[in-house]
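Results of the structural survey
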Amino acid sequence: MLIYAKQPINYIIANHPQKIKTLYLAKEIDKKEYSRLMKMDFEIKRIPSDAAGKMCKNASHQGILAEIDPYKLYDYKTFLNYEFVLVLSGLTDVGNIGAIIRSAYALGVEAVIACGVKTLPLEAIVRTSTGALLDMPFAIETNVHNVMNDLKMSGFYTYGADMDGKDIREVKVKQKRALFLGSEGEGLSARVTSKLDEIVSIKMSHKFDSLNVGAAGAILMDRMRI
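As a starting point, this report considers the structure included with it.

The rules behind these values
- Residues numbered from 1 in each chain as written.
- Predicted model: local features only at pLDDT ≥ 70, side-chain atom pairs only at ≥ 80, totals over all residues.
- Heavy atoms only, no water.
- Pairing = 2+ DSSP bridges.
- Helix = DSSP H or I, 4+ residues; strand = E, 2+ residues; numbered from the N terminus.
- Axes fitted to C-alpha atoms, helices over the stretch in contact; angles between N-to-C directions.
- Salt bridge = Lys/Arg side-chain N within 4 Å of Asp/Glu carboxyl O.
- Buried < 20%, exposed > 50% of the residue type's maximum accessible area, 1.4 Å probe, protein only.
- Parallel < 35°, antiparallel > 145°, perpendicular 65-115°, else oblique.
- Left-handed = near helix turned anticlockwise from the far one by under 90°.
- Contact = heavy atoms within 4.5 Å.
- Polar contact = N/O pair within 3.5 Å; in protein donor to acceptor, adjacent residues only side chain to side chain.

A few points about the sheet that holds strand E1 (residues 2–4)
Strand order in the open sheet formed by four strands is E1-E4-E2-E3, and the pairing between neighbours is mixed. Unpaired on one side and paired on the other, E1 and strand E3 (43–46) mark the two borders of the sheet. Across the sheet, the axes of successive neighbouring strands diverge by a mean angle of 20°, strand direction being ignored. Sheet topology note: the E1/strand E4 (residues 64–68) ladder contains three bridges and is antiparallel.

Dropping the structure here:
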């Protein structure tokens, strides 16, 4: 799994250095920092900038890349004894997913389940979550209805985000809860919302269409902390 750019790699070095196989440097770094990195248990290779560009298909690597152990997906059924789970229904935008996972980790969500997709580019999500995916149990399950049924059978109260829902500030949040977020363009399907226990929303102070799903998700997760 190839990760690049300073923020995610600095996070991995600080929190998961054992996952790094090789660190690639395509620029000069501070001597003290280089000396510190040399004391760690991973290989360091200096490479030309054009070689680094080829490795990451000319993305912005900021002069640092790392080959790390692959992320191992979880079975979502191992989350059924948790108290706060996030379900992403139909989201595919890697930037949004990464930002949501980062917020979820910061705001106390215990696990994230991506539904409506068969696969996701985990390398990109590690990067866009600034490394937070490595600390967040994450599962992929194609059928969102299977997930919803299993959560309900395990005692979860299910909430869905929709503009027509009840103001989250007026909701008494249950201890064992799952928040469902829909896709950027479509939101949650009518079939999903019809089976959820409660629909919640963020009431705007001014006339406005809607918030980005990442921003809305972060606000709702914060309001649902217990």
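Notes on the pattern of salt bridges
One pass over the structure, following the stated rule, counts five salt bridges. A salt bridge links Lys152 to Asp197; the shortest N-O distance between them is 3.6 Å. Placement of the pair is Lys152 in helix H6 (residues 144–153) and Asp197 in the loop between helix H7 (190–195) and strand E10 (198–201), with a sequence separation of 45 residues. Of the residues examined, Lys152 reaches a relative accessible area of 33% and is grouped as partly exposed.

Points about the packing of helix H4 (residues 94–106) against helix H8 (residues 213–223)
How two helices sit against one another is set out by the angle between their axes and by the gap between those axes. Running from N to C, H4 and H8 point in directions that differ by 15°, and their axes come no closer than 9 Å. Regarding the angle of H4 to H8, the classification is roughly parallel. Along this stretch, H4 crosses H8, giving a crossing that reads as right-handed. Along the contact surface, H4 presents Asn96, Ile100, Ser103 and Ala104, while H8 presents Val213, Gly214, Ala218 and Met221.

What to know about the environment of Glu123
The residue Glu123 is located in helix H5 (residues 122–128) in this model. In this structure the C-alpha to C-alpha distance between Glu123 and Ser210, which are 87 residues apart in sequence, comes to 29 Å. Look past the residues within four positions of Glu123 in its chain and what remains in contact with it is Met1, Leu2 and Ile3. At a separation of 3.0 Å, a polar atom in the side chain of Glu123 contacts the main-chain amide nitrogen of Leu2.

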